[in-house]
Amino acid sequence: MTHPQPAAVAVGSLTGLNIPYWLPGLVLGAALAIKLPSIVKLWRDPLLRAVGGLLLFACAVFLFAAPSTIAWTNRVTGVPNIAGPWVYTLLTALCASWLLLVVHWRDGRSEHHARIRRATRWVIWVYAAVVVAMWVLFALADVPVERIRDLDTYYADTPFMRELILLYLLAHTVASLITSGLVWNWIRTTGLDAWLRWGLRFLGIGFATNLLFSAAKLTAVVARWTGHDLDWLNTNIAPAAACVAATLVAIGFIIPHAGQYLHERWLVRRRHRDLRALARLMRTVAGSREPLALRATAEMRLIRRETFIRDALLQLSRFIDEDLRVRAYDTALALGFERGRAQALAAAVTILDAVEAGRQAPGTEGDGDPDTTYLLQEIAAVSEVLRSPDEIKAVRARAAVPAESMSTHD
């Protein structure tokens, strides 16, 4: 008998702590918790059901594959090693859920419903047959000695149990190959959302890493057939590979949702920050600042700031000089600014002029009925140019020239 390699001993110390079981279980549980509200709300969606089934079976695999749970299952049922086919059943169901997920994910359009139904039936029937065959083989096998960690290699030469082991490993390998290949082909599709593409990359790597699990198990089993001992591949490397693969798959599901959520939160906070310059200016009009609530959500703080700014602009509208806005816009164009920037600069010049007019003649009414639609709709653009005082100064100085001395721009 050969001695385990140093790398195997190191990995084995991690396995002894059950890290390959509880770590992916935690990550998979987090992914399931994130997806669960959508799954419950949209239960009729086959894609979401496939995702829920995948995450649920994955959590169950690592729960029941833990050595302590294996010993408990054998003890409760009173059948030595019955935990083996039970874990293999969960793993086979997980493999089927991989394939069902990819089928519904790739061909979810309505015109592909017939193809989806055929593929779904094929996957369910084939993997259900694998599960039935495994339990028949286990009933026929003679496996009286309980093995918690090395069931596959200990009974590698045992009739019927040998076939059971090869059957579940074959089902796992085929599912890993097909799923990994389809996911990597999908990654190359154009037009994918960036967060979805990153999620697919993690899924692709995770499904491909599952092949290392099968390879380690098969190598250890074949080594037993040839009189060699590579059991450390089965007891140490395979669980570690399964841990890495499951964690990557869970991250692949989390990234699109968590990434989109964080991106949306970042956009809200950035818009709130971008409106700071205009909000400060409007405080001089309103005589106060926007309501502040420390426990308010980022969305609520943004809504309050936007409402405060628009209310102050409406209060300021009686001092808006529409002619000045037109001259400022033409001036900005003449200075080489593009149209969007020119509009924002013109609006900023007009607002600053109105603020000064309001200070000089408080309580008085302005002339005309100015159109403030742009000012109310594009407050972010106006606030952004307020942080460029030199540009505003240049436009404002030239816009003060009488209109008849200005060149007109169409």
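Residues numbered from 1 in each chain as written. Predicted model: local features only at pLDDT ≥ 70, side-chain atom pairs only at ≥ 80, totals over all residues. Heavy atoms only, no water.

For the chain, the helix and strand inventory stands at 17 helices and zero strands. Here the chain holds 410 residues, and the buried ones make up 46% of them. Only carbon and sulfur atoms are counted for the fraction: they give 63% of the accessible area of the chain, which is about 21,200 Å². (Helix = DSSP H or I, 4+ residues; strand = E, 2+ residues; numbered from the N terminus. Buried < 20%, exposed > 50% of the residue type's maximum accessible area, 1.4 Å probe, protein only. Areas by Shrake-Rupley, 256 points an atom, 1.4 Å probe, with all protein chains shown as cover.)

Turning our attention to the side chain of serine 388. Relative to the helices and strands, serine 388 is located in the loop between helix H16 (379–385) and helix H17 (389–399). Here arginine 341 takes part through its side chain, which lies 3.2 Å from a polar atom of the side chain of serine 388. (Polar contact = N/O pair within 3.5 Å; in protein donor to acceptor, adjacent residues only side chain to side chain.)

For the rest of this paragraph, the subject is the nonpolar core. Counting 68 residues, the largest nonpolar core has Leu28, Leu54, Leu55, Tyr127, Met161 and Phe253 as the members making the most contacts within it. Put simply, the parts of the chain that give this core at least two residues each are helix H2 (19–41), helix H3 (46–65), helix H5 (83–106), helix H6 (113–140), helix H8 (161–187), helix H9 (194–225) and helix H10 (231–274). Considering every element that reaches this core, the biggest residue donor is H5, with 12 residues. In this structure leucine 55 touches Leu28, Ala31, Leu32, Lys35 and Phe253, once residues within four positions along its chain are discounted. Counting 41 residues, the second-largest nonpolar core is a separate cluster that includes Leu281, Leu333, Leu352 and Ala399. (Core = buried A, V, L, I, M, F, W, Y, C linked by side-chain atoms within 4.5 Å. Contact = heavy atoms within 4.5 Å.)

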